[in-house]
Amino acid sequence: MPRQLAPLKLPSLSIFLATLGILFSAPAESAEKNTDGMLPVLFDTRERLPSANISDISSIRFLMSVDFPPFNFTDQNGRLTGFNVDLVREVCAQLKMDAKCQMQALPFDELEAAVEMGEGDAVVSGMAVTGSLRQRFSFSRPYMMLPARFVANKNAKLQGSAATALAKRKVGVVADSRHQAMLKAFFPDITSTEYKNYDELFEAVKTGAVDTIFADGLRLPFWVSGAASADCCELFDGPYMSDKFLGEGLTIMANDPENVLIPAFDQALATLSRNGKLDEIYRRYFPRGLY
């Protein structure tokens, strides 16, 4: 999920590199299911975005963390890489500022203060869009939405391959999480069983204490394909999206009091969405798709 002033506990780089090619999901006010596996199109081809003039900008400094694979991380040679790194390069190319864009890695919990103090212009690192942050920063349109997913134990005898097969059954969730709230709101016929954390949640579905679980669609595919699951389980139905429960998605956060950078970023992101470059980056890091 987009992160709140603390690093998201994602798989390690070694696990990511070992399982590259599994995972993600379209915005919705309700639990909307994406069934085609494609990167959701977030920019209408008919939409006209506000004009942007960056002729007076001498450089753009992008800040990001290195603990958010596959979005930002350091490769085996110590180079900053990932989905967001490639995205920034393409955004800068669209803005014709290739030689004027800089990228710097910082610990995640230092990013907000750094951009606020003028040590950078924008953050591309899964920063969650919140009301308090909107009072101090500006955000681009989302370029990727994050899903929720079900995972089922392979020995579960489910009648069907859709969420309707889970009616009257107990589905594991992390207690007091946004996924628990989403499950209750959009799947009222499903009874949730609460667990304190992801370790307990994974153990429950692995041992068959519950047939299925509902949780973060970015985290679950790594676990399903990794050694820790012991090949017990598989992704089931979905993925499902809801901006109400899962946030606005991945965006670029900027210190932009003159409202110059954000319109430029939005125009660049729209172009990348329409010309297929955004999908190309997506396929590069998620060759088997997330949606």
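Described below are features of the structure shown in this document. Nothing here was measured: the structure is a model prediction, and the numbers come from that model. (Residues numbered from 1 in each chain as written. Predicted model: local features only at pLDDT ≥ 70, side-chain atom pairs only at ≥ 80, totals over all residues. Heavy atoms only, no water.)

What follows concerns the packing of aromatic side chains. The tally for this structure, following the rule as stated, stands at 16 aromatic pairs. Here the aromatic rings of Phe 62 and Phe 265 are separated by 5.6 Å at their centres, their planes lie at 40 degrees, and the arrangement is tilted. Placement of Phe 62 in strand β2 (residues 60–64) and of Phe 265 in helix α9 (residues 261–274) is noted, with a sequence separation of 203 residues between them. Phe 265 shares its class with Phe 62; the two are buried. Ring geometry for Phe 71 and Phe 286: centres 6.0 Å apart, planes at 55 degrees, overall tilted. Here Phe 71, found in the loop between β3 (67–68) and β4 (72–74), pairs with Phe 286, found in the segment after α10 (277–285); they are 215 residues apart in sequence, far enough to count as distant. Each member of the pair Phe 71 and Phe 286 is classed as buried. Ring pairing ties together the aromatic residues Phe 68, Phe 71, Phe 83, Tyr 143, Tyr 282, Tyr 285 and Phe 286, which thus form one cluster. Directly above the ring of Tyr 198 sits Arg 219, whose terminal nitrogen or CZ lies 3.8 Å from the centroid. (Phe/Tyr/Trp six-rings, centres within 6.5 Å; stacked < 30°, edge-to-face > 60°. Helix = DSSP H or I, 4+ residues; strand = E, 2+ residues; numbered from the N terminus. Buried < 20%, exposed > 50% of the residue type's maximum accessible area, 1.4 Å probe, protein only. Lys NZ or Arg CZ within 6 Å of the ring centre and 35° of its normal.)

In terms of nonpolar packing, the biggest core is built from 46 residues, with Phe 83, Tyr 143, Met 144 and Phe 265 touching the most fellow members. Among the elements of the structure, β2, α2 (83–94), α9 and α10 are those that each provide at least two residues to this core. Considering every element that reaches this core, the biggest residue donor is α9, with 8 residues. One finds Ala 148, Ala 152, Phe 187 and Phe 245 within the second-largest nonpolar core, a separate group that totals 19 residues. (Core = buried A, V, L, I, M, F, W, Y, C linked by side-chain atoms within 4.5 Å.)

The next subject is helix α5 (residues 178–186). What α5 keeps buried is the set His 179, Gln 180, Met 182 and Leu 183. One face of α5 carries all of its buried residues, which in axial projection span an arc of 165 degrees. (Arc of directions from axis to C-beta.)

The subject of this paragraph is the state of the cysteines. Inspection of every chain in the model, using the stated rule, returns 2 disulfides. The side chain of Cys 92 participates in a disulfide bridge whose partner is Cys 101; the two sulfur atoms lie 2.0 Å from each other. Residues Cys 92 and Cys 101 are joined by a disulfide whose S-S torsion is about -100 degrees; by sign, that bridge is left-handed. Two residues, Cys 232 and Cys 233, share a disulfide whose sulfurs are 2.4 Å apart. In this structure, the disulfide formed by Cys 232 and Cys 233 twists by about -95 degrees around the S-S bond and is classed as left-handed. What links to what in the protein: the bonded cysteines, counted in sequence order, pair as 1-2, 3-4. (Disulfide = S-S within 2.5 Å.)

Contact pair α2 / α9: the axes reach a minimum separation of 9 Å and the direction vectors enclose 105 degrees. The angle between the axes of α2 and α9 places the two elements in the roughly perpendicular class. Contact residues: α2 offers Leu 87, Glu 90, Val 91 and Gln 94, while α9 offers Phe 265, Ala 268, Leu 269, Thr 271 and Leu 272. Broken down by class, the residue content of the contact of α2 with α9 amounts to 6 nonpolar, 2 polar and 1 charged. (Axes fitted to C-alpha atoms, helices over the stretch in contact; angles between N-to-C directions. Parallel < 35°, antiparallel > 145°, perpendicular 65-115°, else oblique. Contact = heavy atoms within 4.5 Å. Nonpolar A, V, L, I, M, F, W, Y, C, P; charged D, E, K, R; others polar.)

For residues other than glycine, phi is negative in most cases, and the peptide bonds are mostly trans. Here the bond from Pro 69 into Pro 70 is cis, since omega is 5 degrees, no more than 30 degrees from zero. Tracing the sequence through the fold places Pro 70 in the loop between β3 and β4. The residue after Gly 238, namely Pro 239, is reached through a cis peptide bond having omega 5 degrees. For Pro 239, the location among the structural elements is in strand β13 (residues 233–241). Positive phi is not limited to glycine here, since Lys 168 has a value of about 70 degrees. A residue is classified by how much of its surface remains accessible, and Lys 168, at 71% relative accessible area, is exposed. Positive phi, close to 60 degrees, is recorded for Asp 231, a residue that is not glycine.

A separate point is the pairing of β13. Burial runs high along β13: 7 of the 9 residues are buried. Judged from the 5 bridges that link them, strand β9 (residues 148–153) and β13 form a sheet pairing that is antiparallel. Its bridge partner being in β13, Asn 153 is matched across the sheet by Cys 233. (Pairing = 2+ DSSP bridges.)

Across the sheet, 5 strands lie side by side as β6-β2-β7-β14-β8; this open sheet has mixed pairing. Bordering the open sheet on either side are β6 (101–105) and β8 (138–139), each of which pairs with just one other strand. In this structure, strand β7 (residues 122–123) lies alongside strand β14 (residues 253–254), joined through 2 bridges in antiparallel fashion. Residue pairing for β14: Ala 122 is matched across the bridge by Ala 254. Sheet strands touched by α2: β2 and β6. Its angle to β2, the strand with the most contacts, is close to 170 degrees. Packing against the sheet, helix α3 (residues 108–116) makes contact with β2, β7 and β14, and its axis sits at approximately 160 degrees to β2.

It is worth stressing that arrangement in space is one thing and function is another; only the former is reported here.
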